[in-house]
Amino acid sequence: MIFLFFLFPQMKNRRKGQTMSTQKEPVFRGAATALVTPFNENGIDYPALAAMIEWQIGAGIDALVFAGTTGERSTLSGEEHRALLRFAVRQVAGRVPVIAGTGGNDTAFSLALSRDACEIGCDALLLVTPYYNKCTPSGMLRHFFTIADAVTKPVLLYNVPSRTGVDIPLPVYRELARHERIAGVKEASGNLSAVAGLLSECGDQLPVYTGNDDQTVPVMALGGLGAISVFSGILPGEMHALCAACLAGDFKKAAALQLKYLPLMHALFSEVNPIPVKTALGLMGRCRPDLRLPLCKMEKENKEKLAKLLGEFHLLP
């Protein structure tokens, strides 16, 4: 702790809401879908969204994430974001946890979105590390603590350095894990060694979910509690089964499922997420494949490869 206090002197005085407890109730166990936000010419396509929610829950998904990276939060207006979350809470009606993407690179704006999500009735918040302007480790701590101190629902951190340009270092994780409302992390660094170190040092205090579908089995074998998944956006039942097998200790079954669907998992990241998954859902007839700029339609060659795979897995109408 002397090392941490040297790096982060503002942590000497424990902040409101911090705790030394080593046990936290997870927001969920298993597979959570990072759901797309379907659009039409009028904005958000709520009938398509309602149908997808019912399909996901009917297939056994364990939680749903709205307005995350896959849900194109960056191009939603503030009012669209609130309306989307209000609709999601009503439609889900308590059947699975509703997790709201409320992160950003402006602490004040992210805090406002987070408070709105709490008032609307979301079950948890997903906060990405500040991107573009980024921050120092001290700034990162202050960003997350400022929000966690001011909200009433559990906070899940979201570490995705390939998109944000900043990685959460282990000393920062150690301090964040001490806060009673910081209830887990979506780890999408892709660095299994770093995830193993995080689980080794903070696993009891900070539940870990992988954000990389193709690493679900190894992360859960190390002690992770599940995945916040793009793949489950097209095959929710299969991703639920994979995670359930891991939680039951049947890693042979889980590994077989992971390897079976690995080509499709990779295809869903052949271009910037959520371009491929939204294209896939369009081909499957679940929603229109409309995206908001700067995201645009999938390249023809990649789309053809994706369509071929969807056909091989009998996912096309």
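Given the structure is predicted, the values throughout are model-derived calculations rather than measurements.

J.: Help me understand the environment of Pro218, please; the structure alone is not making it clear to me.
T.: Topologically, Pro218 is positioned in helix α9 (residues 216-221). Between the alpha carbons of Pro218 and Arg181 there is a distance of 27 Å; along the sequence they are 37 residues apart. If we skip the residues at most four places from it in the chain, Pro218 touches Leu192 and Gln258.

J.: What's the story with the side chain of Ser229 in this structure? I'm lost.
T.: Within the fold, Ser229 resides in strand β10 (residues 226-229). Residue classification places Ser229 among the buried residues on the basis of a relative accessible area of 0%. Within the structure, the side chain of Ser229 is placed 3.1 Å from the backbone nitrogen of Phe231, a separation counted as a polar contact. Within the local environment of Ser229, its side chain forms a polar contact with the backbone nitrogen of Ser232, the two atoms lying 2.9 Å apart. Not counting chain neighbours up to four residues away, the residues in contact with Ser229 comprise Ala32, Thr33, Ala34, Asp213 and Met239.

J.: Just to check I follow, could you spell out the packing of aromatic side chains for this structure?
T.: Each aromatic ring pair is specified by the distance between its two centres and by the angle formed by the two planes. Counted according to the given criterion, the structure contains four aromatic pairs. Between Phe28 and Tyr209 the ring centres are 4.2 Å apart and the planes differ by 15°, which places this aromatic pair in the stacked class. Taken together, the positions of Phe28 in the loop between α1 (2-7) and β1 (30-34) and Tyr209 in strand β9 (residues 208-210) put the pair 181 residues apart, joining distant regions of the chain. Just as Phe28 is buried, Tyr209 falls in that class too.

J.: Whenever I open this one, the environment of Met284 confuses me. Can you help?
T.: With respect to the secondary-structure elements, Met284 resides in helix α12 (residues 275-284). Sequence spacing of Met284 and His314 is 30 residues, and the spatial spacing of their C-alpha atoms is 9.8 Å. Leaving out residues up to four positions away in the same chain, Met284 has contacts with Trp55, Ile234, Leu310, Leu315 and Pro317.

J.: Whenever I open this one, the nonpolar core confuses me. Can you help?
T.: Where a protein is soluble and globular, its nonpolar side chains tend to be buried together. Counting residues in hydrophobic clusters, the biggest one holds 88 residues, and the most contacted among them are Ile53, Leu64, Phe66, Leu176, Ile234 and Leu264. By residue number, the principal contributor to this core is helix α2 (residues 46-58), which donates seven residues. In this structure Phe66 touches Leu35, Leu49, Ile53, Leu85, Ala88, Val92, Val98, Ile99, Ala100 and Gly101, once residues within four positions along its chain are discounted. Judged by nonpolar contacts, the second largest core, of 18 residues, contains Ala63, Leu156, Ala183 and Ala188.

J.: Would you explain the pairing of strand β6 (residues 124-128) in this entry?
T.: Regular strands place their side chains on alternate faces of the sheet. In terms of residue burial, β6 counts as a mostly covered element, since five of its five residues are buried. Side chains Ala124, Leu126 and Val128 of β6 all project onto a buried face; the interleaved residues Leu125 and Leu127 project onto the opposite face, where all are buried too. Judged from the three bridges that link them, strand β5 (residues 98-101) and β6 form a sheet pairing that is parallel. Bridging from a neighbouring strand, Ile99 pairs with Ala124 of β6. The parallel pair β5 and β6, bridged by helix α4 (residues 107-120), forms a crossover whose chirality is right-handed. With respect to chirality, the unit in which β6 leads through helix α5 (residues 137-150) into the neighbouring parallel strand β7 (residues 155-159) is right-handed.

J.: Any chance you could explain the sheet that holds β1 here in plain terms?
T.: Strand-to-strand pairing in sheets goes through backbone hydrogen bonds, with the strands running parallel or antiparallel. One closed barrel accounts for eight strands, arranged β1-β4-β5-β6-β7-β8-β9-β10; its pairing is parallel. Each neighbouring strand pair of the sheet contributes to a mean axis angle of 25°, computed without reference to strand direction. As paired strands, β1 and β10 are joined by four bridges and run parallel to one another. Across the sheet, the residue bridging to Thr33 is Ser229, located in β10. The strands that α4 touches are β5 and β6; relative to β6, the one it contacts most, it runs at about 165°. Taken strand by strand, α5 contacts β6, β7 and β8 (182-187), and its axis lies near 165° from that of β6.

J.: Is there a simple way to think about the packing of α4 against α5 in this case?
T.: Describing two packed helices takes the angle between their axes plus the distance from one axis to the other. Contact geometry of α4 with α5 gives a least axis separation of 10 Å together with a crossing angle of 25°. What the angle tells us is that α4 and α5 run roughly parallel. In this structure, α4 meets α5 at a crossing whose hand is right-handed. Residues Thr107, Ser110, Leu111, Ser114 and Arg115 of α4 form the contact with α5, whose participating residues are His143, Thr146, Ile147 and Ala150. Residue composition of the contact of α4 with α5, by class: three nonpolar, five polar and one charged.

J.: Got a minute to help me understand the state of the cysteines in this structure?
T.: Working definition: the covalent bond between the sulfur atoms of two cysteines is a disulfide. Tallied over the full model, the rule gives zero disulfides. Free of any disulfide, Cys287 has its nearest neighbouring cysteine sulfur in Cys296, separated by 17 Å. A residue is classified by how much of its surface remains accessible, and Cys296, at 42% relative accessible area, is partly exposed.

Procedures and definitions
- Here the residue numbering is sequential within each chain, running from 1 through the sequence in written order.
- Local features are withheld for residues below a pLDDT of 70 in this predicted model, meaning they are given only at 70 or higher, and side-chain atom pairs are given and counted only at 80 or more; totals for whole chains, interfaces and linings count all residues.
- Think of the side-chain values as coming from all heavy atoms in the structure, minus any hydrogens and water.
- Secondary structure elements are taken from DSSP: a helix is a run of H or I of four residues or more, a strand is a run of E of two residues or more, and numbering for both begins at the N terminus.
- In this description, contact between two residues means that some pair of their heavy atoms is separated by no more than 4.5 Å.
- Any residue under 20% of the maximum accessible area for its type is buried, any over 50% is exposed, and the rest in between are partly exposed; the area is computed with a 1.4 Å probe on protein chains only.
- Whenever a nitrogen or oxygen atom comes within 3.5 Å of another N or O atom, the pair is scored as a polar contact, on the condition that within protein one atom can donate a hydrogen and the other can accept it, and that pairs from neighbouring residues in sequence are kept only if both atoms are in side chains.
- Within 6.5 Å between ring centres, the rings of Phe, Tyr and Trp (the latter by its six-membered ring) count as paired, and their orientation is classed by plane angle as stacked under 30 degrees, edge-to-face over 60, tilted in between.
- The set of buried Ala, Val, Leu, Ile, Met, Phe, Trp, Tyr and Cys residues whose side-chain atoms join them within 4.5 Å is what this entry labels a nonpolar core.
- By the convention used here, strands pair only if DSSP detects at least 2 bridges between them.
- Crossovers are marked right-handed if the path from the first strand over the helix to the second runs clockwise, as seen with the strands pointing away from the viewer.
- Every axis corresponds to a line fitted to the C-alpha atoms, with the helix fit spanning only the stretch in contact, and the corresponding angles, defined between N-to-C directions, vary from 0 to 180 degrees.
- Geometric relationships in this document are graded by angle, where less than 35 degrees denotes roughly parallel, more than 145 denotes roughly antiparallel, 65 to 115 denotes roughly perpendicular, and other angles denote oblique.
- Take the far helix as the reference: if the near one is turned anticlockwise from it by less than a right angle, the crossing is left-handed, and if turned clockwise, right-handed.
- Ten residues, namely Ala, Val, Leu, Ile, Met, Phe, Trp, Tyr, Cys and Pro, are considered nonpolar, four, namely Asp, Glu, Lys and Arg, are considered charged, and the remaining ones, Gly among them, are considered polar.
- When two cysteine sulfur atoms are found within 2.5 Å, that pair is recorded as a disulfide.

In short, geometric facts, not functional conclusions.
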